[in-house]
Amino acid sequence: MMLEIVDGYSRDFKVKFGGDKSKVMVINGDETDRDREWNIGEVKIGRTKEYKYLGCMWSEDGCTRAKGEKVVKSMQWWGRLSSVAKYRANKCECVRGIWKYVAVPNIMFGINVMAWNGGDLEKLEVLQNRVGRLALDLDSLERRNCCDVFPQRDGDSISTKSECELEMSGSIDDLKVNFTINDGDGQMDLTHEQQCKIEKITAVLKKPILDVSVLQQFAEEDDGFVTDELRREVWPCLILMQESKPPLLLTLQQAQLHPSFSQVVMDVERTLKRFPPNISPERRRTLMDELIRVIMTVLQRNPLFHYYQGYHDVGITFLLVCGEQTAVQLLEELSLTHLREFLQPTMERTQRWLTYIYPMIAAESPALYAHMDQSGVGTMFCLPWLITWYAHSLSQYRHVVRLYDFLLASPPLMPMYVAGVILLQRKQQLLDVPCDMPMLHQALSSIPDSIPLDKIFREARLLYKRRPPSSLSEEVDRYLLRQKEREEAERAERDRRVAARKSGAAGARPWWLPYSVMRPGRIWVRAAGAVAVVAVVLGLASFYFRPENKLLLPVQWSTERPISAPQ
């Protein structure tokens, strides 16, 4: 019936429909409509199962998919707001502004053409209430009220009710269960507490509306996400990776056309220590080929990326945990956010990030700052920490993946705050090192294997809240300016010395002449010095060749010699 009406309008307005561009979609159809032929007049048209209208995807079952996408997009904005507000002092204004002027228009676009039922609207209402609670900081207020009743555990800044009840019921940390965790070197049994945490994280992942802020909180707690199996599911959610079809990986033959291919191959072949020690040479060779394909696929899809040494350490971590297909998506998404500054043509932005370590140390420990600044050690010692997320500096696999749990759930500058806490914990050890650049650089570059990661993460989170990047930005600018002035002075002194060496023999200073005599504007001093030297030489010669000296024959002066008077 509807197609007949369309056909009537086409005849009235002399509009022709083509079968290649025109399609029909049957909503709420039955089995008899599956094999039916559809025509507009004499033109046969095909059938489609979905189409896009006003930014919303419609299908044969209505707008169920479009509504699901809107709900998912709402949760993604909720996760972004939670991450932003967590480390902001003015979280109320920040959340209200982003939600009102950015998130709501993005979510509501095209929403008026959909048919919403009560259940769908209730989901959006729940999300709206969560945003309101976040803006008013009600969750933190309730936790504080809860902790007034239930005691806190040592070292934890916040304890939930379930944690307090678990502690009051008795210690069960040593109770073993039939779960295992892969630490890269073998299998380890899980404790009951770790098993409970896995169950809680799994329950969060199964919810129809994913709460990213809860996953971020789990990442900051002890043991992170515990197992690699759970990390495969959680890591893509932490960086809000879109559920899209994985990109097609390049073959090794295709990857060879990229200008960075040879450098990537050399770096990958030098990463033998990052692979599990128990795998066969064939499996290691396969993993190396997969890593090359993962990196080259990301670089090929993003021509503005400039590969840097250390990028492969990030890629191999994702590859070992998540596999080849997911590793490509994770690496690309992270390169567009957290690693973006390191993929620039120059290291100017990377150097600025590294400089945050000095204002941070100066505010927390002036003695350590003065010791490091006086030695001239610079910031290169923590360069691999930042650009590889510590994957290049840590020797144990379990420490690397635990760090990635925390950093994936944190702001981009969090690696520098972790570096600051590591240095502050080793303050006395570093102060005992002589104020010598090579010795201090060697002491700073090494990270001990017994590093207490969970404690470092808690202190780094508190340090970030206490001294956010915005409060250190001006100090960073001043430090960079002082460094530039110092480098210019050293360059000028070096150029002056080179010019003095190239001035030639005429302007060269004799070994016996003081340097002050050779300074410009001292011509009279040079002349006086030359006269004095000549006088001394003549005096010595006259003394040496005086008449009493036997080297000269004595001259007999006769008194009888006639003297002729002048004419």
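Our structure's up above, just so we're on the same page.
Residues numbered from 1 in each chain as written. Predicted model: local features only at pLDDT ≥ 70, side-chain atom pairs only at ≥ 80, totals over all residues. Heavy atoms only, no water.

A. Fine view of unusual backbone geometry. A positive phi angle is found at Asp223, which is not glycine, with a value near 75 degrees. Looking at the element boundaries, Asp223 is found in the loop between α8 (212-220) and α9 (228-238). By relative accessible area, Asp223 is classed as partly exposed at 31%. Positioned with a positive phi, Trp389 is a non-glycine residue whose angle comes to about 55 degrees. Here Trp389 is to be found in the loop between α18 (383-387) and α19 (397-408). (Helix = DSSP H or I, 4+ residues; strand = E, 2+ residues; numbered from the N terminus. Buried < 20%, exposed > 50% of the residue type's maximum accessible area, 1.4 Å probe, protein only.)

B. The arrangement of the pairing of strand β3 (residues 43-47) in detail. Bridge analysis of strand β1 (residues 23-24) against β3 gives two bridges, and the strand direction is parallel. Across the sheet, Val24 pairs through a bridge with Arg47, a residue of β3. Of the strand pairs in this sheet, strand β2 (residues 38-40) and β3 are connected by three bridges, and their pairing is antiparallel. Residue pairing in the sheet places Trp38 in a bridge with Ile45 of β3. Linking β2 to β3, which pair antiparallel, is a turn of two residues; within it Gly41 sits at a positive phi near 70 degrees. (Pairing = 2+ DSSP bridges.)

C. Representation of the sheet that holds β3 within the structure. Spatially, three strands are ordered β1-β3-β2 in an open sheet, and the strand pairing comes out mixed. The sheet is open, and its two borders are formed by β1 and β2, each paired with just one other strand.

D. Region of the structure containing the pattern of salt bridges. One pass over the structure, following the stated rule, counts 18 salt bridges. Between Arg270 and Asp267 there is a salt bridge, with the nearest N and O atoms lying 2.4 Å from each other. Classification of Arg270 as exposed rests on a relative accessible area of 53%. Here Asp267 falls in the buried class, since its relative accessible area comes to 2%. The partner of Arg293 in a salt bridge is Glu324, and the shortest N-O contact between them spans 3.1 Å. Taken as a pair, Arg293 in helix α12 (residues 281-301) and Glu324 in helix α14 (residues 324-335) lie far apart in primary sequence, 31 residues in all. The network of salt bridges with shared partners includes Asp228, Arg231 and Asp405. (Salt bridge = Lys/Arg side-chain N within 4 Å of Asp/Glu carboxyl O.)

E. Region of the structure containing the packing of helix α20 (residues 414-425) against helix α23 (residues 453-466). For the pair α20 and α23, the least separation of the axes is 9 Å and the interaxial angle reads 115 degrees. By the angle between their directions, the pair α20 and α23 is classed as roughly perpendicular. For α20 against α23, the interelement crossing comes out right-handed. Mapping the contact onto sequence places Met414, Tyr417, Val418, Val421, Ile422 and Gln425 in α20 and Lys455, Ile456, Glu459, Ala460, Leu463 and Tyr464 in α23. Along the lines of polarity and charge, the residues of the contact of α20 with α23 split into nine nonpolar, one polar and two charged. (Axes fitted to C-alpha atoms, helices over the stretch in contact; angles between N-to-C directions. Parallel < 35°, antiparallel > 145°, perpendicular 65-115°, else oblique. Left-handed = near helix turned anticlockwise from the far one by under 90°. Contact = heavy atoms within 4.5 Å. Nonpolar A, V, L, I, M, F, W, Y, C, P; charged D, E, K, R; others polar.)

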